[in-house]
Amino acid sequence: MEALGDEYPAGLDTYSFVSRTELREFAAQVAAGDTLIDLGCGRGGPGLWVAGTAGAKLVGVDLAQPALAHARRLADRLGVQAAFTVGSFESPPLRDATADVVMTVDAFLFTPDKRAGFTELARVLRPGGRLAMTSWDYDGQPRNRPPQVPDHRPLAEEAGLTVLRYDETDDWLRRCQVFADFLLEHADEAAAEAGMPTSVLRAALRDMRDSTDLMTRRFLLVAEKPR
Ligand SMILES: C[S@@+](CC[C@H](N)C(=O)[O-])C[C@H]1O[C@@H](n2cnc3c(N)ncnc32)[C@H](O)[C@@H]1O
């Protein structure tokens, strides 16, 4: 999307603020032959790019069936080995210690219980495996969103992970506001396309725009599960 500038990863059908620089940061955590899990993978673009770049096997997990159908078509188009399965942060359908790397892009804010979410992320990682994620810290509770937290590091550490990086991402607030404004401007077309009442979509987009006032940081976290 033009409003997000040169850092927008065109061609990946992303539905997030992930940038090209961040995708490279994710890929740097992954080695050839690794099993990479992308939780809240949506239409699959970020995980597919990272897996394709690093030569990893991807397992994408999301709540939304239609997004996963899209992800399977994208995997074929990009020629990346991948499997996609329905599941959530709260109970991903994945065995213990099966992932070399878990990634999640702009989706963890939707899990209703961040502590339980980190416990699950840590459970599926093998010892020595890494978690790489982007999400937001909040100073307050946004409307119509699950409970948010002011800092994700203590929860990651409580789940037994060692936080290696917690960096504020570039230009995040402006990008969030520009994106929310763009969606609001195009709410009528989007509602028609989705077959939903414009008033419902507008209210949701207003909540999204207002929630940016409570965000204090969009972070890129890298954490390791000790051996
Ligand atoms: C903003 S989109 C990001 C999608 C993708 N990561 C990307 O970068 O394009 C958030 C995704 O989180 C998924 N999601 C919401 N709640 C979830 C949950 N509790 N467990 C797993 N995924 C969830 C949504 O279905 C959606 O695909």
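Everything numeric in this text was worked out from a predicted model, so none of it was measured. (Residues numbered from 1 in each chain as written. Predicted model: local features only at pLDDT ≥ 70, side-chain atom pairs only at ≥ 80, totals over all residues. Heavy atoms only, no water.)

So, about the overall build of the protein. Per the secondary structure count, the protein includes eight helices and seven strands. For a compact globule of 227 residues, the expected C-alpha radius of gyration is about 17 Å, and the protein comes in at 17 Å, within 12% of that figure. Dimensions of the protein, computed from C-alpha atoms along their principal axes, come out at roughly 50 × 40 × 30 Å. Residues classed as buried in the protein amount to 49% of the 227 residues present. Restricting to contacts in the protein with at least 6 residues of sequence separation, those with at least 24 account for 73%. Put simply, the protein shows about 10400 Å² of open surface, and 51% of that area lies on carbon and sulfur atoms. Counting 26 positive and 34 negative side-chain charges, the protein places the centres of these two groups 4 Å from one another. (Helix = DSSP H or I, 4+ residues; strand = E, 2+ residues; numbered from the N terminus. Rg over C-alpha atoms; globule rule 2.2 N^0.38 Å. Buried < 20%, exposed > 50% of the residue type's maximum accessible area, 1.4 Å probe, protein only. Contact = heavy atoms within 4.5 Å. Areas by Shrake-Rupley, 256 points an atom, 1.4 Å probe, with all protein chains shown as cover. Lys, Arg positive; Asp, Glu negative; His and termini not counted. Charge placed at Lys NZ, Arg CZ, Asp CG, Glu CD.)

Let's shift gears to the nonpolar core. Val102, Phe118, Leu121, Leu131 and Leu221 are the most contacted members of the largest nonpolar core, which has 25 residues in total. Elements represented by at least two residues in this core include exactly strand 1 (35-39), strand 4 (99-105), helix 4 (114-124), strand 5 (125-138), helix 5 (153-158), strand 6 (162-168) and strand 7 (215-224). When near neighbours in sequence (up to four residues on either side) are disregarded, Leu121 contacts Leu39, Phe89, Val102, Phe108 and Leu131. (Core = buried A, V, L, I, M, F, W, Y, C linked by side-chain atoms within 4.5 Å.)

With that settled, consider the UniProt feature "domain: Methyltransferase type" (unreviewed entry) in the protein. According to UniProt, the "domain: Methyltransferase type" (unreviewed entry) feature falls on residues 38-132. Helix makes up 37% of residues 38-132 and strand 29%, and the two end C-alpha atoms of the span are 10 Å apart. (UniProt positions renumbered as here; feature names shortened; annotations may be inferred.)

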